[in-house]
Amino acid sequence: MKASDKRFSDLGLSPELLKAIDRLGFEEASPIQAATIPLLLQGCDVVGQSQTGSGKTAAFALPALEKVDTARREVQVVVLCPTRELAVQVSEEIHKLAFFKRGIHALPIYGGQSYERQFQGLKQGAQIVIGTPGRTMDHMRRGTLRLDAVKLVVLDEADVMLDMGFREDIEFILKAVPAERQTVFFSATMPRVIQELIGRYAREPRNVHIEEKTLTVPTVEQAYYEVDRRSKLELLTRLIDLHDLKLGIIFCNTKRMVDDLVEHLNAQGYSADRLHGDMSQGLRDRVMNRFRKSGLEFLVATDVAARGIDVDDVEVVFNYDLPYDPEDYVHRIGRTGRAGRSGRAISFVSGRELFQVRLIERFTRMRIQRARIPTLVEVEEARVDLLLEKLRATLKNGQFKRQDPLIELLLEEGFNSTDIASALIHLLQTDDADATRKQSVEKAPLSQPSQPPRPAIAAPPRRLPPPPPETHKRSDPPASARAPFKRPPAPERPRPIPRPPSARPPNAPQDRRGPSPRQGFKDGTPGPGAARPPIPAPGPRPVQSPRVPPPPPAGARTEPAPTTARKSKPSRRTPETHTRLFLNIGAEMGVSAADVVETIMGQTGLPAKVVGTVDVRERHLFADVASEHANSILARLNRGQIKGRKIKVKVA
């Protein structure tokens, strides 16, 4: 059955619902809505099959609201959803549509939320319950949810619920509702197990199958990049910078990959957070609220956790890992290009996954374009073009604060206007240019698969390399006290050979005035000049620190070398409870350890005790921070400033 688009006013809905629809800005019903709403208002059982993002929620929510008797404080409609996120989304949609219909109480119930809140909502007389099968069945067994007055049961994403193992729970619920109730099945696919369920619990159902020329959203631009697994992160950051992407979803196949990718993105200055099944419901809700309010740039998620993500402004969907099932690909890219907006779907493919791309193309009946990996030069040019566009737009609209006194002051000092503008643009680009140069040094071109493999994304954060074995048994000074090595100038005359420790007691005071090199001491001991051996031929000599004690005489007992070497390591190694961060500023910029601590406290609100050792070098520094706060410090500190300079932070 195929329905043409109709206006909502032609579907027989009440004035209150039409007013709410108009408030939301909708005029014409989608094909699934135009075909389903009249059938449900007539009391028919319906089996609906349509692509994701086609408006299925309103297709069953509007008839459900029409059937609710607001005078009765008991459950009359039950909507079953596979995940918590989808249940919350459906509940929010129902509340929006019931805005002008007083007396409607819709309640989501799902695992991970407090039982007390759900008990209270059921006692207050919720007429519509939107829940996951497991928690709904749990309330039924506790006696807190009675289904004696249910008129309508909706199974949303029925195929997903069955794939997740909810068949027994669904049958338990369907057996408990009255036999004369109305049953609605919505599913993207119709495997045999769903057909069996429909045959057992639906009464002469009407099938609504909305056929589309393609299963994917036509406003979504699809492309894939052939890239080595170890180069995916580098390609991801290049594409984000190239297209200036601000809001996107990145899909991974495993929870571990989600966690690792979020850490890497935050370390490189992007605002990202995770969403997967191991997170508590409260944390998942906070992450989704931040993403909906654009408090996050990128949401990294697994397929199951991403069910129910309904954000209209998503610019791009990245398939960091290709999905195992072509249907999951359709669900993923359906998160962008919603409500007539344009979007991008970018997939990363390596090796044999090219065959999976062909399967997806056959399933969606649409060609996925192969794209060329952008070079660092192209990324830099895109940044320049973006900056020019922003400058042009700002100059055209005139919405900027005048800085005439400052510019006049610089002009009076002899600087011309072109140099002043160039200096300002240089300051804006300094941080991005440093990051680009660092990438070009550390990373090989992505277009050359023969390059040696890079560290995998799942690798732990890099630590400072262990010190090489030392042959002179000397103890290095602490890391905070080391300065860059500078070769000492050639001495005008050879240095005297240090005296052996047996020549005087260890605590005896030195005679700084000393004898002349060619004279002896008063007790007859010859001076250093008299005992000096012949000068050897020029060659490399080990440079000894002034603090290193002189070598012991032959035959003297000494401590083993490994003990001495181990004593120097703790001063250069970050404690296990801390994470070492790299910052691209140092002493040359006038930055001190106190500046770093104050900035971390000011940006994050954390106490000073979360910061350990701060090792300031000439052009960069290292800071040890408590590992439990490392991610938040990275996210807040990146793109911030210290001493008026933009900073870039990553795990050392």
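Conventions adopted
Residues numbered from 1 in each chain as written. Predicted model: local features only at pLDDT ≥ 70, side-chain atom pairs only at ≥ 80, totals over all residues. Heavy atoms only, no water. Helix = DSSP H or I, 4+ residues; strand = E, 2+ residues; numbered from the N terminus. Buried < 20%, exposed > 50% of the residue type's maximum accessible area, 1.4 Å probe, protein only. Contact = heavy atoms within 4.5 Å. Areas by Shrake-Rupley, 256 points an atom, 1.4 Å probe, with all protein chains shown as cover. Phe/Tyr/Trp six-rings, centres within 6.5 Å; stacked < 30°, edge-to-face > 60°. Lys NZ or Arg CZ within 6 Å of the ring centre and 35° of its normal. Pairing = 2+ DSSP bridges. Expected span 1.5 Å × (residues − 1). Arc of directions from axis to C-beta. Polar contact = N/O pair within 3.5 Å; in protein donor to acceptor, adjacent residues only side chain to side chain. Salt bridge = Lys/Arg side-chain N within 4 Å of Asp/Glu carboxyl O. Core = buried A, V, L, I, M, F, W, Y, C linked by side-chain atoms within 4.5 Å. Axes fitted to C-alpha atoms, helices over the stretch in contact; angles between N-to-C directions. Parallel < 35°, antiparallel > 145°, perpendicular 65-115°, else oblique. Left-handed = near helix turned anticlockwise from the far one by under 90°. Nonpolar A, V, L, I, M, F, W, Y, C, P; charged D, E, K, R; others polar.

Undergrad: Could you give an account of the overall build of the protein chain, naming the residues involved and the relevant values?
TA: Looking only at helices and strands, one finds 21 helices and 22 strands in the protein chain. Counting the 652 residues in the protein chain, one finds 43% classified as buried. Taking the intrachain contacts of the protein chain between residues at least 6 apart in sequence as the baseline, contacts between residues at least 24 apart amount to 76%. Total accessible area on the protein chain is roughly 36,700 Å²; 52% of this is exposed by carbon and sulfur atoms.

Undergrad: Let's hear about the packing of aromatic side chains: which residues, and what values?
TA: Taken as a whole and judged by the stated rule, the model has six aromatic pairs. A centroid spacing of 4.9 Å and a plane angle of 80° characterise the contact between Phe99 and Phe100, whose relative ring orientation is edge-to-face. Classification of Phe99 as partly exposed rests on a relative accessible area of 36%. Exposure remark for Phe100: the relative accessible area of 23% places this residue in the partly exposed category. Pairwise contacts between aromatic rings join Phe318, Tyr320 and Phe348 into one cluster. A cation over an aromatic ring shows up here: Arg23 above the ring of Phe99, its NZ or CZ 3.9 Å from the ring centre. Directly above the ring of Tyr115 sits Arg135, whose terminal nitrogen or CZ lies 4.0 Å from the centroid.

Undergrad: Provide a residue-level description of the pairing of strand β19 (residues 621–626), including the pertinent values.
TA: For β19, the tally of buried residues reaches six of six residues, placing the bulk of the element in the interior. Pairing of strand β17 (residues 578–583) with β19, which is carried by six bridges, proceeds in the antiparallel orientation. Bridge pairing in β19 links Leu583 to Leu621. Where strand β18 (residues 611–616) meets β19, four bridges bridge the pair, whose relative direction is antiparallel.

Undergrad: Kindly report on helix α20 (residues 593–604), identifying the contributing residues and their values.
TA: In this model α20 runs 17 Å from its N-terminal to its C-terminal C-alpha over 12 residues, within 8% of the 16 Å that 1.5 Å per residue would give. Packed against the buried residues of α20 are β18, β19, α21 (630–637) and β20 (641–642). Where α20 ends, the next residue or the one after it, Gly605, has phi of about 75°, a positive value.

Undergrad: Would you mind going over helix α9 (residues 192–201) in detail, with residue names and values included?
TA: Along α9, the residues classified as buried are Ile194, Leu197, Ile198 and Tyr201. Viewed end-on, α9 has its buried residues packed into an arc of 100°, placing them on one side of the element. The exposed set on the far side of α9, more than 90 degrees from its buried face, consists of Arg192 and Gly199. Where the residues of α9 are buried, they touch β3 (46–49), β7 (152–155), α7 (158–163), α8 (167–176) and β8 (182–186).

Undergrad: How would you sum up the side chain of His276? Please name residues and give values.
TA: Relative to the helices and strands, His276 is located in the loop between β12 (272–275) and α12 (281–292). Owing to a relative accessible area of 5%, His276 belongs among the buried residues under this scheme. A polar contact of 3.0 Å, which involves the side chain of His276, links it to the side chain of Asp259.

Undergrad: Give me the pattern of salt bridges: which residues, what numbers.
TA: Scanning the model with the defined rule gives 24 salt bridges in all. The partner of Arg370 in a salt bridge is Glu226, and the shortest N-O contact between them spans 2.7 Å. Within this pair, whereas Arg370 is found in strand β16 (residues 369–370), its partner Glu226 is found in strand β10 (residues 220–226), the two being separated by 144 residues in sequence. Here Arg580 and Asp624 are joined by a salt bridge, their closest N and O atoms 3.0 Å apart.

Undergrad: So what about the pairing of strand β15 (residues 343–349)? Which residues, and what values?
TA: The buried fraction of β15 is high, at six of seven residues. For β10 and β15, the ladder comprises seven bridges, and the chain directions are parallel. Following the sheet pairing, Ala223 is matched in β15 by Ile346. Of the strand pairs in this sheet, strand β14 (residues 316–319) and β15 are connected by four bridges, and their pairing is parallel. Bridging across to β15, Phe318 finds its partner in Ile346.

Undergrad: How would you summarise the nonpolar core if you had to cite specific residues and measurements?
TA: Ranked by size, the top nonpolar core spans 40 residues in total, and within it Leu62, Ile128 and Ile130 carry the most contacts. Listed by contribution, the elements that provide at least two residues to this core are α1 (15–24), α2 (31–41), α3 (56–67), β4 (77–80), α4 (84–97), β6 (128–131), β7 and β8. Here the element with the most residues in this core is α3; it accounts for seven residues. When near neighbours in sequence (up to four residues on either side) are disregarded, Leu62 contacts Phe8, Leu13, Leu17, Ile21, Ile37 and Leu97. Residues Ile109, Leu122, Leu197 and Ala202 belong to the second largest nonpolar core, which totals 29 residues.

Undergrad: Any details on the environment of Ala272? Residues and values, ideally.
TA: Here Ala272 is to be found in strand β12. Every residue in contact with Ala272, bar those within four places of it in the chain, is listed here: Val262, Leu265, Asn266, Leu296 and Phe298.

Undergrad: A description of the packing of α4 against α12 should follow, citing residues and the corresponding values.
TA: With their axes 11 Å apart at the nearest point, α4 and α12 run at an angle of 55° to one another. Overall, the two elements α4 and α12 adopt an arrangement that is oblique. Judged by the sense of rotation from one axis to the other, the crossing of α4 with α12 is right-handed. On α12, the residues that touch Arg84, Glu85 and Glu92 of α4 are Gln281, Arg284 and Arg292. When the residues that make up the contact of α4 with α12 are grouped by side-chain class, the tally is no nonpolar, one polar and five charged.

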